[in-house]
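Working through the structure, step by step
Letter by letter, the chains look like this.
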Amino acid sequence: MMVDKDMTEDICEDVVSGKPSPLLSNFKLTYYTLLNLLRRVDGPAEQKKVIEQSFHQYQHQSAVPAMRKRIQELKKQLAEAQAEDEDSDDVEMGPADMAAFKLYTKRQTVLSTLLKSDQ
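Residues numbered from 1 in each chain as written. Predicted model: local features only at pLDDT ≥ 70, side-chain atom pairs only at ≥ 80, totals over all residues. Heavy atoms only, no water.

Regarding the pattern of salt bridges
The tally for this structure, following the rule as stated, stands at one salt bridge. Two residues, Glu73 and Arg70, come together in a salt bridge whose shortest N-O distance is 3.6 Å. Within this pair, Glu73 and its partner Arg70 are both found in helix α4 (residues 55–87), separated by three residues, close to a single helical turn. Of the residues examined, Glu73 reaches a relative accessible area of 36% and is grouped as partly exposed. (Salt bridge = Lys/Arg side-chain N within 4 Å of Asp/Glu carboxyl O. Helix = DSSP H or I, 4+ residues; strand = E, 2+ residues; numbered from the N terminus. Buried < 20%, exposed > 50% of the residue type's maximum accessible area, 1.4 Å probe, protein only.)

Brief notes about the environment of Ile71
Relative to the helices and strands, Ile71 is located in helix α4. The class of Ile71 is buried, set by a relative accessible area of 9%. Residues Ile71 and Leu115, 44 residues apart in the sequence, show an inter-C-alpha distance of 7.7 Å. Residues contacting Ile71, with those up to four places away along its chain left out, are Leu111, Leu114 and Leu115. (Contact = heavy atoms within 4.5 Å.)

Here's what the structure looks like:
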C-alpha cells in the first residue's frame, strides 16, 4: 500500500480493515453502443444474450425479488388501510390530510403501474 501525506490514519484503517465499496455498473446503453453491438454480434438472439450477460443487467435482475417483496408489503398496507377506512366514519379532512391523501393516491397509482409491468 502506498502512503502519502494525504493518507490519514482513519483512511488507512478503512483501507486495511474496512468493508469493500459496492461495485456498481455505470454501463449506459447508447446509440453508438447498439451500433457497435450490431456490427460485432450476428443475429438478434446473440445480441440479446450479450445484453443479458452484462453486469448492469445482472444488478437490475438481482433487485427484482426485493421489489416484489416491497410490492407485497405495500399491498398488505393498502388492504389494511382500506379495511380501516371501511370501519371509520366520514371525517372532514384538513389541508394536511388532503395533501397526505393526494400523496397516497399518487403512490397507489405508481404501485398499480409497477404491478402491471411486473406481469
